Amino acid sequence: MTLHCDRMDGLVVKSAEEALEMENIKYVLPFIQEKYEDELKDAFERTLQVRGLSGDAAELADYWFFETAVRLHLKGRGRHYTGLKPSEISGEPVIMMADQAVKSENLNDLMDFILSSVKEDVWSRFDEVLSKKNYDLNNVEDARDYVDSLFNFFDYLQNLIRFMEEG
């Protein structure tokens with residue numbers, strides 16, 4: 001499962017699938033702002049009616065309902081709908097791990113993964129700076145390369161901290 005809300009394996013579509021399977025809109029309703037609730041409910045009822053006609057009709061109706069749910073979800077978040085994207089082949093490990101953490105109510109594996117990933121990334125950027133630090137003063141190109149890596153390192157750290165503080 002992925003967090004990307006416009007993908008077929010995203011949270012909104014997975015919840016919409018469950019809503020149709022259980023014939024209960026409440027599985028997907030939390031993803032939709034209240035002001036768009038009536039439109040989603042109408043789409044849900046129409047989809048349930050059409051699903052019984054044939055397999056092809058059910059497939060088409062389901063897809064239309066998924067599109068409607070995703071479009072309304074994104075609209076509520078102030079984002080534009082550009083169509084449903086296919087499922088990701090491998091998924092995103094951190095999202096899959098986060099999903100598993102919620103299901104198991106255990107954050108340890110996810111936390112270890114995040115901390116080791118950040119640590120590895122910071123060390124890698126730091127090592128790059130150090131590898132370029134002792135440049136020949138007469139080689140302006142190497143000096144610029146060092147300055148670029150130094151500023152990239154600083155920018156990365158500032159953005160990381162800013163994201164943690166602001167979310």
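Because the structure is predicted, anything quoted here is derived from the model rather than measured.

Cut-offs used in this document
- Residues numbered from 1 in each chain as written.
- Predicted model: local features only at pLDDT ≥ 70, side-chain atom pairs only at ≥ 80, totals over all residues.
- Heavy atoms only, no water.
- Helix = DSSP H or I, 4+ residues; strand = E, 2+ residues; numbered from the N terminus.
- Rg over C-alpha atoms; globule rule 2.2 N^0.38 Å.
- Buried < 20%, exposed > 50% of the residue type's maximum accessible area, 1.4 Å probe, protein only.
- Areas by Shrake-Rupley, 256 points an atom, 1.4 Å probe, with all protein chains shown as cover.
- Axes fitted to C-alpha atoms, helices over the stretch in contact; angles between N-to-C directions.
- Parallel < 35°, antiparallel > 145°, perpendicular 65-115°, else oblique.
- Contact = heavy atoms within 4.5 Å.
- Nonpolar A, V, L, I, M, F, W, Y, C, P; charged D, E, K, R; others polar.
- Phe/Tyr/Trp six-rings, centres within 6.5 Å; stacked < 30°, edge-to-face > 60°.
- Lys NZ or Arg CZ within 6 Å of the ring centre and 35° of its normal.

Novice: Talk me through the overall build of the protein chain; I want residue IDs and the actual numbers.
Specialist: Within the protein chain, the regular secondary structure consists of six helices and zero strands. Its helices and strands taken in sequence order, the protein chain reads α-α-α-α-α-α from the N to the C terminus. On C-alpha atoms alone, the protein chain measures out to a radius of gyration of 23 Å, which is more than a quarter above the 15 Å that the 2.2 N^0.38 rule sets for 167 residues. Scored against the burial criterion, the 167 residues of the protein chain give a buried share of 28%. Within the structure as shown, the protein chain displays about 11700 Å² of accessible surface, and the carbon and sulfur contribution to it stands at 52%.

Novice: Report on the packing of helix α2 (residues 37-51) against helix α3 (residues 55-76), specifying residues and quantitative values.
Specialist: Axes are the key here: two packed helices are described by the angle between their axes and the distance separating the axes. Between α2 and α3, the least distance of the axes is 8 Å, while the angle of their chain directions is 170°. Our classification of the angle between α2 and α3 gives roughly antiparallel. Facing α2, whose interface residues are E39, L40, A43, F44, R46, T47, V50 and R51, α3 presents A57, A58, A61, D62, W64, F65, T68, A69, R71 and L72. A breakdown of the residues in the contact of α2 with α3 according to their chemical character gives eleven nonpolar, two polar and five charged.

Novice: So what's going on with the packing of aromatic side chains? Residues and values would help.
Specialist: Tallied over the full model, the rule gives six aromatic pairs. When the ring of Y135 is compared with that of Y146, the centres are 5.5 Å apart and the planes differ by 35°; the resulting orientation is tilted. Of this pair, Y135 sits in the loop between α5 (108-133) and α6 (140-166) while Y146 is found in helix α6, placing the two residues eleven residues apart along the sequence. Linked through ring pairs, W123, F126, F151, F153 and F154 together constitute an aromatic cluster. The ring of Y156 is capped by R125, whose NZ or CZ atom sits 3.9 Å from the centre of that ring.

Remember that the coordinates give geometry; whether it matters functionally is a separate question.
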